[in-house]
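A look at the structure
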Amino acid sequence: MPVYFDNNATTRLDPRVLEAMLPYLSGPYGNASSLHRFGRAARDAVERAREQLAMLAGCQSREIIWTSGGTESDNLALKGVTEGALPTRVLYGATEHPAVLETAEALRARGWGVETVAIGRDGLIDGPRFERQLAAGPVRLVSLMRVNNETGVIQDVARAVDPVHAAGGWLHVDAVQALGKIPLDFTALRADLMSVSSHKIYGPKGIGALIVRADVELAPLHHGGVQERGLRGGTENVASIVGFGAAAELALQELDARAAHTQSLREQLESGLRSLPGVQIFADGAPKAPNTVQFAVAGYHGEALLMQLDRKGFAVSSGSACSSGKGEPSHVLLGMGIAYEVADGAVRVSFGKDNSAAEVEQFLAALAAITQAAMPAMQP
Amino acid sequence: MIYLDYAATTPLDPRVRDAMLPWLDAETHFGNPASDHAMGRSARAAVEQARTEVAALLGCGPDEIVWTSGATESNNLAIKGALEFRGLQGAHLVTSRIEHKAVLDTCRYLETQGLRVTYLTPQADGLIAAEQVLAALRPETAMVSLMWVNNETGAINPVAALASQLRERGVLFHVDAVQAAGKLAIDLAQTPIDLLSVSGHKLYGPKGIGALFVRKRPRARLAPQIHGGGHEQGMRSGTLATQQIVGCGMAFRLAGEAMADEAHRLLALRERLWTALQVLPRIYRNSPAEAGVPGILNVSFDGAEGESLRAMLPALMVSSGSACSSATREPSYVLRALGRDDELAGSSLRLSMGRFTTSAQVDAAAAQVVEAVTRLRAWSPLWDAAA
Ligand SMILES: Cc1ncc(COP(=O)(O)O)c(C=O)c1O
Ligand SMILES: Cc1ncc(COP(=O)(O)O)c(C=O)c1O
């Protein structure tokens, strides 16, 4: 059995979630838009899931639009809010996920001014500087992530709400990595849009949601059909929606227990890492999600370390799964002002509810063995 | 309960479910297909295996398949992606009035962005003729988007013949093949279609997964519509849903294996149903007898409004018009385009059969429909039996 420490990339489907999904994978369930009985049963299941997610995200169920995942949610938010509007500015944090970053950059071609919000070495926004940037001209949308997928840094996005609104913009929060890890309350936050994804909270892959306040003017990304109030065409993915709902309900029940458990694993790992020579933990000391540690070992290329750990049965990553294999250091660390050579060594460990202290011990031992044995040969 | 709504969605084939289950519950199967570790690689291998299965049914290369969240997305990506890449301004597109909403709504949206669109009306047989399309071409026509099989009537458009004509003229050709895949032979190696949309849940696969075929040679170029991590050769970002994709691959494989037998069987069932309904006077067949897919029979019943009729058939799951437009309860635009008046268009049922339909179900369904129509007509002050 491999040791799986890559829960920010994706999580294992909870068997209880599978249980909830199974009737919709085996029964004669219909198209949720059909008017006949099976269609109505599918519709009811979709609406029940919407309420389950609303509880976890702290929003109204009618504010939820189902999507195919966090990436689509981010695209829908950024493109949906800018579509048809007179192009002004769109701002996004320098450490955002590619789903926000690439989407924002694509808006340039449509005439938008696109700017990054500077992020410090601690992974946090420099508040006064951000407010000056906002004041410099009209803004349509600001997109900031609640929890960073690589470093785990928790951004205090609540502080951005008033300045962004004062500048006349909408605030979009990518909460894909925050959902189920830290408490979320969309209504209290007063953000305008928020992205979430199921497969990061032990739900199925390929289902997510965009949460949108009723007063936000949003244009659809997929045209066709009247599903999701005309904002998202396409036959509903009933089984996966039911799975996301069930995963959300469990995440809410177990939020504190999961946070406490992963936090203790993280502390165990961090103290072990500190006793190894040449280890640097990124955004050390910043407020962080309980489950995430990103670090580098001096003199080690991250990808090489990953390969060796993989061979020993440990699944970790260098950063975001989608950019892995590109051989480039993480834009997140570079965005925080970390030097290229240091960023190039990044390894991300992200714990999940099913990991154990024994696994952390094994990991530390394996890491020590790799770095001590190979140190001379591997040094650049 | 008798389910005759296979054109709206199909039940998951138990073999498809069995193929999906390991990717939902095995401890070593949940990796992200984009991850660079053993679990990521095994998920990736499953995704690629499924890609070859979809490609095999379509007769294309696996690297020409882009996964999407369903055919609504595939249609959006094909049309918006290709036209955005080429430049919309002043461009012209030819499509038909009987396309699925995913195409029509996309075209209507693009019209607000400067695209010019010709919407062809089908001939009296419900088909769009190749000559109609060719006659509508203009020097600035960038694209033709035409469905292979209509979802309401089952009419088969002459897509293969049209493809080479459009290729000769250098016009990009997108085909919505959602209702064609697994029902009739598709060979993209021989048919110069540039972009083709398919969906998993119409052929016993899961909902929420689809694909777009994007031709490599000559290369069809698309601007991505979902940006992000650069998945799917940069054309469609987002974490791949392994279980959905594996299910889709298995569904396409099974469809290929079953196609010949199933077509034969469904054709017989369709004609059996039509024969049984013909005890009723003044019913009109909206599905073509020859150029139609085997599983779909659309019938207008004079004097029996479609929604009332459906309401009188609680044990029969059928639709009046397509599922997507049924929520809006307008008479079917497809049937109106066929030349049926509002009255007859609104008095129709689509009976669609599939893999698990039996002749006993067909007989029972026919008897129920005959009885319901007879009663509705008897109640209706407008129905004149002698007319
Ligand atoms: C912060 C963040 N945003 C968006 C996404 C994209 O979500 P999905 O994988 O569901 O497309 C991810 C995960 O990859 C993420 O970590
Ligand atoms: C012809 C046609 N095209 C597109 C679609 C949309 O496919 P999906 O339900 O996968 O979004 C459908 C089915 O609803 C259809 O029948």
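Here the structure is a predicted model, which means the values were calculated and not measured.

Each helix and strand in chain B was counted, giving 13 helices and twelve strands. Across its three principal axes, chain B shows a C-alpha extent of roughly 70 × 55 × 35 Å. Relative to its 387 residues, chain B shows a buried fraction of 59%. Pairs at least 24 residues apart make up 74% of the contacts formed inside chain B by residues separated by at least 6 positions.

Across its full length, chain A holds twelve helices and twelve strands. Its C-alpha atoms give chain A a radius of gyration of 21 Å, near enough to 21 Å, the size a compact globule of 380 residues would have. Taken along the three principal axes of its C-alpha coordinates, chain A extends 70 × 55 × 35 Å. A burial count over chain A gives 60% of its 380 residues as buried. Excluding contacts between residues fewer than 6 apart, the proportion of contacts in chain A whose partners are at least 24 apart in sequence is 73%.

Take helix 9 (residues 302-311) of chain A next. Residue and element names in this part refer to chain A. All buried positions along helix 9 are accounted for by Gly 302, Glu 303, Leu 305, Leu 306, Leu 309 and Asp 310. Buried residues of helix 9 fall within an arc of 160° about the axis and therefore sit on the same side. Backbone geometry just downstream of helix 9 places Gly 313 in the positive-phi region, at approximately 90°.

On to helix 1 (residues 15-26) of chain A, then. Between its terminal C-alpha atoms helix 1 of chain A stretches 16 Å, which fits the 16 Å expected from twelve residues at 1.5 Å a residue. Listed as buried for helix 1 of chain A are A:Val17, A:Ala20, A:Met21, A:Tyr24 and A:Leu25. Mapping the buried residues of helix 1 of chain A onto a view down its axis gives an arc of 145°, with all of them on the same face. Pointing more than 90 degrees away from the buried face of helix 1 of chain A are the exposed residues A:Pro15 and A:Glu19. Looking at the buried side of helix 1 of chain A, the elements it contacts are helix 2 (37-57) and helix 8 (238-274) of chain A together with helix 1 (14-20) of chain B.

What follows concerns the site of ligand 1. Residues in close proximity to ligand 1 total 17 residues, the closest being A:Gly69, A:Gly70, A:Thr71, A:Asn149 and B:Thr239. Each of chains A and B places residues near ligand 1. Looking at the shell around ligand 1 element by element, the count peaks at three residues for helix 3 (residues 70-82) of chain A. Counted by class, the shell around ligand 1 contains four nonpolar, eleven polar and two charged residues.

Residues and elements named next belong to chain A. Counting buried positions along strand 3 (residues 89-93) gives five out of five residues, so the element sits mostly inside the fold. For strand 3 and strand 4 (residues 113-117), the ladder comprises five bridges, and the chain directions are parallel. Within the sheet, the bridge partner assigned to Gly 93 lies in strand 4 and is Val 117. Considered for its hand, the β-α-β crossover made up of strand 3, helix 4 (residues 98-106) and strand 4 is right-handed.

On to the packing of helix 8 (residues 242-277) of chain B against helix 13 (residues 359-379) of chain B. All names here are of chain B. Two numbers describe how helix 8 lies on helix 13: the axes approach to 9 Å, and their chain directions differ by 25°. One way to sum up the angle between helix 8 and helix 13 is to call them roughly parallel. Considering only the axes of helix 8 and helix 13, their crossing is right-handed. From helix 8, Leu 269, Arg 272, Leu 273, Ala 276 and Leu 277 reach across to helix 13, where they touch Ser 359, Val 362, Asp 363, Ala 366, Val 369 and Val 370. Taken together, the residues of the contact of helix 8 with helix 13 break down into eight nonpolar, one polar and two charged.

Right, let's talk about the domain arrangement of chain A for a bit. Residues and elements named next belong to chain A. Each assigned domain of chain A is listed here: domain 1 (3-10 + 255-367) and domain 2 (15-250). In this structure, domain 1 and domain 2 have C-alpha centres spaced 26 Å apart. Contact residues are listed per partner, giving 26 residues for domain 1 and 26 residues for domain 2. Breaking the side of domain 1 that touches domain 2 down by element, the ones donating at least two residues are helix 8, strand 10 (292-297) and helix 10 (331-335).

Here we come to the sheet that holds strand 10 (residues 296-301) of chain B. All names here are of chain B. Pairing within the open sheet is antiparallel, and its three strands lie in the order 9-10-12. Only two strands of the sheet have a single partner each, and these edge strands are strand 9 (283-285) and strand 12 (348-352). Neighbour-to-neighbour, the strand axes of this sheet turn through a mean angle of 25°, independent of strand direction. Pairing of strand 10 with strand 12, which is carried by five bridges, proceeds in the antiparallel orientation. Across the sheet, Asn 298 pairs through a bridge with Arg 350, a residue of strand 12. Lying on the sheet, helix 8 is in contact with strand 9, strand 10 and strand 12; it crosses strand 10 at an angle near 15°.

Moving on, we come to the environment of B:Leu240. Residue and element names in this part refer to chain B. Within the secondary structure, Leu 240 sits in the loop between strand 8 (210-214) and helix 8. Between the alpha carbons of Leu 240 and Val 149 there is a distance of 28 Å; along the sequence they are 91 residues apart. Residues in contact with Leu 240, not counting those within four places in the same chain, are Pro 33, Val 47, Trp 67, His 231 and Ile 245.

What follows covers the site of ligand 2. Taken together, 15 residues form the shell around ligand 2, and within it A:Thr235, B:Gly70, B:Ala71, B:Thr72 and B:Ser199 come nearest. Ligand 2 sits at the junction of chains A and B, each of which supplies nearby residues.

It is worth spelling out the interface of chain B and chain A at this point. Note on interface size: it is often stated as the accessible area lost on association of the parts. Facing the 57 residues of chain B at the interface are 59 residues of chain A. Contributing elements (two or more residues each) for the side of chain B that touches chain A: helix 2 (22-25), helix 3 (38-58), helix 4 (71-86), helix 5 (101-112), helix 8 and helix 10 (323-326) of chain B. Of all the elements, helix 5 of chain B adds the most residues to the side of chain B that touches chain A, at five residues.

Attention now goes to the confidence of the model for chain A. Mean pLDDT over chain A works out to 93, with 93% of the residues at or above the 70 mark. Every residue in residues 375-380 of chain A scores below 50 in pLDDT, and together they form five contacts with partners more than four places removed in sequence or on other chains.

Residues and elements named next belong to chain B. Segmenting chain B into domains produces domain 1 (2-7 + 259-379) and domain 2 (14-254). Each of domain 1 and domain 2 has a C-alpha centre, and these two points are 28 Å apart. The interface of domain 1 with domain 2 comprises 26 residues on the first partner and 22 residues on the second. Here the side of domain 1 that touches domain 2 takes four residues from helix 11 (residues 333-337), the largest share from any one element.

Attention now goes to the nonpolar core. Within the largest apolar cluster, 229 residues are counted, with the highest numbers of intra-cluster contacts made by A:Ala57, A:Ile211, A:Val242 and B:Phe213. Per element, the largest residue contribution to this core is 13 residues, and it comes from helix 8 of chain A. Sequence-distant contacts of A:Val242, defined by excluding residues within four places in its chain, comprise A:Ala20, A:Met21, A:Tyr24, A:Ala45 and A:Ala49. Core analysis: the second largest hydrophobic core is formed by seven residues, B:Ile98, B:Leu338, B:Leu344 and B:Ala345 among them.

All right, on to the packing of helix 3 of chain A against helix 4 of chain A then. Residues and elements named next belong to chain A. Following both chains from N to C, one finds helix 3 and helix 4 inclined at 35°, their axes separated by 9 Å at the closest point. Here the hand of the crossing between helix 3 and helix 4 comes out right-handed. Residues Gly 70, Thr 71, Asp 74, Asn 75, Leu 78 and Lys 79 of helix 3 touch helix 4, and the partners they reach there are Ala 99, Val 100, Thr 103 and Ala 104. A per-class count over the contact of helix 3 with helix 4 returns four nonpolar, four polar and two charged.

The rules behind the values
- Residues numbered from 1 in each chain as written.
- Chains lettered and ligands numbered in written order.
- Predicted model: local features only at pLDDT ≥ 70, side-chain atom pairs only at ≥ 80, totals over all residues.
- Helix = DSSP H or I, 4+ residues; strand = E, 2+ residues; numbered from the N terminus.
- Buried ≥ 20, exposed ≤ 12 C-beta atoms within 10 Å, placed from the backbone.
- Contact = placed C-beta atoms within 7 Å.
- Rg over C-alpha atoms; globule rule 2.2 N^0.38 Å.
- Arc of directions from axis to C-beta.
- Expected span 1.5 Å × (residues − 1).
- Near = placed C-beta within 6 Å.
- Nonpolar A, V, L, I, M, F, W, Y, C, P; charged D, E, K, R; others polar.
- Pairing = 2+ DSSP bridges.
- Right-handed = clockwise from strand over helix to strand, strands pointing away.
- Axes fitted to C-alpha atoms, helices over the stretch in contact; angles between N-to-C directions.
- Parallel < 35°, antiparallel > 145°, perpendicular 65-115°, else oblique.
- Left-handed = near helix turned anticlockwise from the far one by under 90°.
- Domains from an automatic or database assignment.
- pLDDT = per-residue confidence, 0-100.
- Core = buried A, V, L, I, M, F, W, Y, C linked by C-beta atoms within 7 Å.

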